[in-house]
Protein chains: 2
Amino acid sequence: MSRIAPQELERFVERLFLDTDVSPEVASVVSRVLVEGDLLGHHTHGVKLAQGYLRDLRSGNAKGRTSSLQIVRQSPAAVLYDAGYLLGPYCVEQALDFTAQAARTFGIGVASIRRSHHIACLAAYLQRYTEKNLIPLVLTSDPAVASVAPHGGLDPVYTPNPLGIGIPTGDKPVLIDVSMSTITNGLVNKTHQAGGQLEHAALIGPDGQPTRDTAAFFATPPGAILPLGSLEFGHKGFALGTLVEALTAGLSGFGRKDGVKQWGAAVTVLTFDPAFFGGVDELKAEMDHFVEACLASRPRQPQHPVRMPGHVGIARRAQAFEQGLALPDDVLQTLRTAAQEAGCDYPF
Amino acid sequence: MSRIAPQELERFVERLFLDTDVSPEVASVVSRVLVEGDLLGHHTHGVKLAQGYLRDLRSGNAKGRTSSLQIVRQSPAAVLYDAGYLLGPYCVEQALDFTAQAARTFGIGVASIRRSHHIACLAAYLQRYTEKNLIPLVLTSDPAVASVAPHGGLDPVYTPNPLGIGIPTGDKPVLIDVSMSTITNGLVNKTHQAGGQLEHAALIGPDGQPTRDTAAFFATPPGAILPLGSLEFGHKGFALGTLVEALTAGLSGFGRKDGVKQWGAAVTVLTFDPAFFGGVDELKAEMDHFVEACLASRPRQPQHPVRMPGHVGIARRAQAFEQGLALPDDVLQTLRTAAQEAGCDYPF
């Protein structure tokens, strides 16, 4: 496995987008966010996505010009965008920048985006804001995809509906990026290509039994991903998935009811400014106390101490800047093909 | 099991609080919210709590006068309260009323409350706002209690950290009230008193094994409640519990770091006005479409069709208004004792 300097990878990915007629501002944000996904270890949601984004740009299913992002309605603390399928990372960062500024004035800002293109790795957005002592929160669903079953049901109805939140502490921030289902679509696809046996029984087959076999997901009629909580406590994961569905597709006013077929996202982001509430120092002291108590909890398995969300990713990121980024073979293969398809040289 | 008219139960509970020197405004809200918990079927978080609230009022650990609720900081869209351990339902409803009004102007409102007393059943707050076509969201943690272990750990560090959200639809609202742990403290206590065998292995024992036996929770050293997702996917429930911890104790600036020992709550509430975003009609159409698709999902067990969060509670509530409310024996026994302790007649 070869190691690539993160800056070189970012320049290469940026070049692919620039050569596909994407605005410089958009190409810059999208390449940075994709590489950030890999830096944090989310290889299913990093530069591997570039190929699909570029294909959608060429077919017209994704847009690359900043002018696609339109403000539908705006108050000093809230905004609704229609993104017209502009590449998602640019839309999300514009939305977070708006909410960060609103939060400085009002304590809170919120932005909802309809018809965004895919928004990649949620964790990749967060540190830019935690470094400014803000708490950014990102929620998303994809109205064109149905892969998760409601609790008690067999048929896939909605998406893993993840959320990401960044929490400043006195030391490393806590970076949360979790779906409201047992696993993501990306993991199902990746596992299916690599033999088809998941680590846990995260799917429900058409026969109503939980299964590790991804073949069940692709059967006719199809299986589905179980909500977080699985059979025993899946009513909670289903409720949380419904929360994300309502605050994204529901709030933005565009979703499954509109019969959308193309890859995209309904997104809502919020930013809280702790300075406006109990104070930045108090937040950090409280979270430091919490992190310390969690890390001090006796481990269930001595070789696996408790870890805070995002801390493994932050360590990986630092290592990649020192030693270069090691990308899995499937990611490198996809990049090579994406370069060919875009008519660009492949440098790695 | 005798059946009680909800209005009579509310008047009786209100009388207990009035006779314990609670302000009429506070007694009115607290009794209404407690009865609402029972109406929706949450008997561990309904009028059964009155006894503990009344005892804390008499000892001075809870306050009953509206003047306890102080505004620390306020913008047109956000407010931080210090509640000085005023009874929680009054604080939460004041906070939600503020955020509902802010949402009408800005699309969003947020309120954080430190040093609230306990806030009872989250689902009980929601319909008041969904009926006005708003989306209310309530998050809470109790800094004085540690019952849930971080993922991978054995020692209890934090609380179930629930959230509640109400979502308007064209028909019945969706009412979500779920903890970020497998089960609640209330269910552990109730089950322990009733024999000690949980339906699922929701606890982790001091030996590191999941268990249904509540004795493990009360052992020395103690066991703990597992995060939502259990051993396989508990990193997600732990992340979501951390989110709630940060947005409640962290944001309000008062929590575990302050060494608090008395029963209480850190609370944050938000309200979204969908009219400001994609529109009320679009939200309702989107959620109706989603609910219909969920209910149409083939059931895993034919006798258990898919149910939306809150819909069983709403049906129970309607039935209670027609036929009277049937309270479990343990609730009635607690009410009888509470009346004795408050020097009031017990009418049921």
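Per chain, residues are indexed from 1 in the order of the written sequence. Here the convention is simple: chains get letters from A, ligands get numbers from 1, in the order in which they are written. A pLDDT threshold of at least 70 governs which residues receive local features in this predicted model, and a stricter bar of 80 or more applies before side-chain atom pairs are shown or counted, although totals over entire chains, interfaces and linings include all residues. Side-chain numbers come from the whole structure's heavy atoms, not from hydrogens or water.

Things to note about the overall build of chain A
Consideration 1: The way it works is that DSSP assigns letters per residue, a run of H or I at least four long becomes a helix, a run of E at least two long becomes a strand, and they are numbered from the N terminus. Within chain A, the regular secondary structure consists of ten helices and twelve strands.
Consideration 2: Computed over its C-alpha atoms, the radius of gyration of chain A comes to 20 Å, within 12% of the 20 Å expected for a compact globule of 348 residues.
Consideration 3: Principal-axis analysis of the C-alpha atoms places the extent of chain A at approximately 55 × 50 × 45 Å.
Consideration 4: Classification of the 348 residues of chain A by burial places 61% in the buried group.
Consideration 5: Nonlocal contacts in chain A, meaning residues at least 24 apart in sequence, comprise 68% of its contacts between residues at least 6 apart.
Consideration 6: Residue exposure ignores everything except the shown protein chains as possible cover, and the areas themselves are Shrake-Rupley values with a 1.4 Å probe. Looking at chain A as shown, the accessible area adds up to about 12500 Å², and 47% of this sits on carbon and sulfur atoms.
Consideration 7: We count Lys and Arg on the positive side and Asp and Glu on the negative side, and we leave His and both chain ends out. Charge placement uses NZ in Lys and CZ in Arg. For Asp and Glu, CG and CD serve respectively. The distance from the centre of the 29 positive side-chain charges to the centre of the 34 negative ones in chain A is 2 Å. The reference for a compact globule is 2.2 Å times residues^0.38; the radius of gyration itself is calculated from the C-alpha atoms. Note on classification: 1.4 Å probe, protein chains only; a residue is buried when its accessible area is under 20% of the maximum for its type, exposed when over 50%, partly exposed between these limits. Two residues form a contact once any of their heavy atoms are found within 4.5 Å.

Some points on the domain arrangement of chain A
Residue and element names in this part refer to chain A.
Consideration 1: Domain assignment breaks chain A into domain 1 (3-182 + 226-283 + 311-342) and domain 2 (183-225).
Consideration 2: When each unit is reduced to the centre of its C-alpha atoms, the spacing between domain 1 and domain 2 is 24 Å.
Consideration 3: The interface is formed by 16 residues belonging to domain 1 together with 18 residues belonging to domain 2.
Consideration 4: Summed over both partners, the interface of domain 1 with domain 2 buries about 1300 Å², with 63% contributed by carbon and sulfur atoms. The split into domains, and so the bounds of each, comes from an automatic or database assignment of domains. Two parts lose some accessible area (1.4 Å probe) when they are put together, and adding that loss for both gives the buried area.

Details of the packing of helix α1 (residues 6-18) of chain B against helix α10 (residues 329-342) of chain B
Residues and elements named next belong to chain B.
Consideration 1: Look at α1 against α10: their axes get within 10 Å of each other, and the N-to-C directions meet at 35°. As for the relative orientation of α1 and α10, their crossing is left-handed in sense. On the side of α1, the interface is formed by L9, F12 and L16, while α10 contributes L335, A338, A339 and A342.
Consideration 2: Residue classes follow a fixed rule: Ala, Val, Leu, Ile, Met, Phe, Trp, Tyr, Cys and Pro count as nonpolar, while Asp, Glu, Lys and Arg count as charged, and any other residue, Gly among them, counts as polar. Residue composition of the contact of α1 with α10, by class: seven nonpolar, no polar and no charged. Every axis in this analysis is a line fitted to C-alpha atoms, fitted for helices over the stretch in contact. Angles between the N-to-C directions lie between 0 and 180 degrees. Handedness of a crossing is defined here by the sense of rotation of the near helix relative to the far one, left-handed for an anticlockwise turn of less than a right angle and right-handed for a clockwise turn.

Looking at the sheet that holds strand β9 (residues 210-211) of chain B
Strand-to-strand pairing in sheets goes through backbone hydrogen bonds, with the strands running parallel or antiparallel.
Residue and element names in this part refer to chain B.
Consideration 1: Strand pairing is assigned whenever DSSP identifies at least 2 bridges connecting the two strands. Taken together, three strands build an open sheet; the order of strands is β9-β8-β10 and the sheet is antiparallel. Unpaired on one side and paired on the other, β9 and β10 (224-225) mark the two borders of the sheet.
Consideration 2: Alignment of strand β8 (residues 203-204) against β10, held across two bridges, turns out to be antiparallel. Looking at β10, one finds that L203 is bridged to I225.

Things to note about unusual backbone geometry
Residues and elements named next belong to chain A.
Consideration 1: In the segment running from T220 into P221, the intervening peptide bond is cis, with an omega of -5°.
Consideration 2: Among the secondary structure elements, P221 is positioned in the loop between β9 (210-211) and β10 (224-225).
Consideration 3: In this model, Y85 sits at a positive phi of 65°, which is unusual for a non-glycine residue.
Consideration 4: Within the secondary structure layout, Y85 lies in the loop between β3 (78-82) and α4 (88-106).
Consideration 5: Its relative accessible area of 8% is what places Y85 among the buried residues.
Consideration 6: Positive phi, normally seen in glycine, also occurs at N161, with a value near 50°.
Consideration 7: In this fold, N161 is placed in the loop between β5 (135-141) and β6 (163-167).

Description of helix α2 (residues 24-39) of chain A
Residue and element names in this part refer to chain A.
Consideration 1: In a regular helix each residue adds 1.5 Å, so 16 residues correspond to 22 Å; α2 covers 22 Å between its end C-alpha atoms and thus fits that length.
Consideration 2: Across the 16 residues of α2, twelve count as buried, placing the element largely inside the fold.
Consideration 3: Residues of α2 that are buried include every one of V26, A27, V29, V30, S31, V33, L34, V35, E36, G37, D38 and L39, and no others.
Consideration 4: Check the buried side of α2 and you find it contacts α1 (6-18), α3 (50-59), α4, α5 (127-130), α9 (311-323) and β12 (325-326). One less than the number of residues in a helix, times 1.5 Å, gives the span that helix is expected to have.

Thoughts on the sheet that holds strand β11 (residues 265-272) of chain B
Residue and element names in this part refer to chain B.
Consideration 1: Reading across the sheet, the seven strands line up as β2-β3-β4-β11-β5-β6-β7 and stay open at both edges, with mixed pairing between neighbours. The open sheet has two free edges, formed respectively by β2 (70-74) and β7 (174-178), since each of these has just one partner strand. Geometrically, the sheet is characterised by an average inter-axis angle of 15° between neighbouring strands, direction not taken into account.
Consideration 2: Bridge analysis of strand β4 (residues 108-116) against β11 gives seven bridges, and the strand direction is antiparallel. Residue pairing across strands places S112 opposite T268, the latter belonging to β11.
Consideration 3: Across the sheet, helix α7 (residues 230-252) is in contact with β3 (78-82), β4, β5 (135-141) and β11; its angle to β5 comes to roughly 80°.

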